[in-house]
Amino acid sequence: MRELVRNFAKDLLQHALIPRSFLWRMPREAGVALTFDDGPDPEFTPALLDLLREARVRATFFLIGRKVEAHPTLAARIAAEGHSLGGHSFDHQVITSMSRAALGADLQRCRAAIRAATGVDTRLFRPPKGEVNLASIHGVHSHGYRLVHWSLTYSDYRRDGLEALLGRMASRPPRPGEVILLHDDNPYTLQALSDVLPRWKDAGLEFAAL
Ligand SMILES: [Zn+2]
């Protein structure tokens, strides 16, 4: 029930309240959007990029500004390989506790870090931990950014092992139009995707960057 209410609220935001500033799901014909938060990660992001390249899949990476500053070459590689970029805050601080001004400064600082490393000027933003309230949603909108949530999570942030993650993926495969939350600083996510991505493709799913 809570899930239903939450999805209804997201639908209302995307289609009625702030249609150009909130996205949680795409049209079915747009394909599936894989989104990766919390990178760039020097340990796992390179292998994920190899995997995506091999599968000919373009995805979207929501980068943490501080990590982009620490690993600019890796951030540049993500962009160079055709993936979309978005901000995920400068330091992974939850935005619901920020003032409007602090939120604006954080969005700008993260965007500047991404632009300096990659040349990409992004207005896409994924809130840390997905935590939002009406004030912060409006804040992101008023600063001119598009807030990207998700329609499907496999809860890879639980880090409860490969078998558990594969089990969740098997029990609920993606459907066209879904925006999937994943994390590229997670070894299980990388291992699980190398297993399921070819099968999802064989099943006819198509993937697109946002
Ligand atoms: Zn995150």
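About the criteria used
Residues numbered from 1 in each chain as written. Predicted model: local features only at pLDDT ≥ 70, side-chain atom pairs only at ≥ 80, totals over all residues. Helix = DSSP H or I, 4+ residues; strand = E, 2+ residues; numbered from the N terminus. Contact = placed C-beta atoms within 7 Å. Core = buried A, V, L, I, M, F, W, Y, C linked by C-beta atoms within 7 Å. Buried ≥ 20, exposed ≤ 12 C-beta atoms within 10 Å, placed from the backbone. Pairing = 2+ DSSP bridges. Right-handed = clockwise from strand over helix to strand, strands pointing away. Expected span 1.5 Å × (residues − 1). Bend = angle between axes of the 7 residues up to and from the residue. Arc of directions from axis to C-beta.

Check the secondary structure of the protein chain and you find eight helices and eight strands. Expressed along its principal axes, the backbone C-alpha trace of the protein chain runs to roughly 45 × 45 × 30 Å. Pairs at least 24 residues apart make up 78% of the contacts formed inside the protein chain by residues separated by at least 6 positions.

On to unusual backbone geometry. In this chain, G39 is followed by P40 through a cis amide linkage whose omega measures 0 degrees. Mapped onto the secondary structure, P40 falls in the loop between β2 (33-39) and α2 (45-55). A positive phi angle is found at D38, which is not glycine, with a value near 85 degrees. Topologically, D38 is positioned in strand β2.

Core analysis: the largest hydrophobic core is formed by 51 residues, its most contacted members being L34, L63 and I114. No other element matches helix α5 (residues 100-118), which puts six residues into this core. Contacts of I114, omitting those with residues within four sequence positions, involve L63, V68, A75, L85, G87, V120 and T122.

What follows is about the pairing of strand β8 (residues 179-183). β8 sits mainly inside the fold: five of its five residues count as buried. Alternating residues of β8 divide into V179, L181 and H183 and I180 and L182, and every residue in both groups is buried. Looking at chain direction, β2 and β8 are connected through five bridges and run parallel. Residue pairing for β8: L34 is matched across the bridge by I180. On the question of chirality, the crossover connecting strand β7 (residues 152-153) to the parallel β8 by way of helix α7 (residues 162-171) is right-handed.

Attention now moves to helix α8 (residues 187-202). If you check α8, its first and last C-alpha atoms are 24 Å apart, about what 16 residues at 1.5 Å a residue would give, namely 22 Å. Largest kink in α8: about 35 degrees, centred on S194, with the proline P198 one to four residues after it. Within the span of α8, buried status applies to Y188, T189, L190, A192 and L193. If you follow the buried residues of α8, they end up packed against α2, α7 and β8. Downstream of α8 by a residue or two, G204 has a phi angle that is positive, lying close to 100 degrees.

Before going further, it helps to examine α2. Turning to α2, its buried residues number three or more, namely T45, L48, L49 and L52. Projected onto a plane normal to the axis of α2, the buried residues spread over an arc of 100 degrees and lie on a single side. Residues of α2 that are buried in the fold lie against β2, α4 (72-80) and α8. Positive phi appears at R56, one or two residues downstream of α2, with a value of about 55 degrees.

By the secondary structure assignment, R159 is in the loop between β7 and α7. Accessibility expressed as a C-beta count within 10 Å gives 13 for R159, which makes it partly exposed. A sequence separation of 28 residues divides R159 from P187, and the C-alpha atoms of the two residues are 8.6 Å apart.

Nothing here speaks to function; it is geometry throughout.
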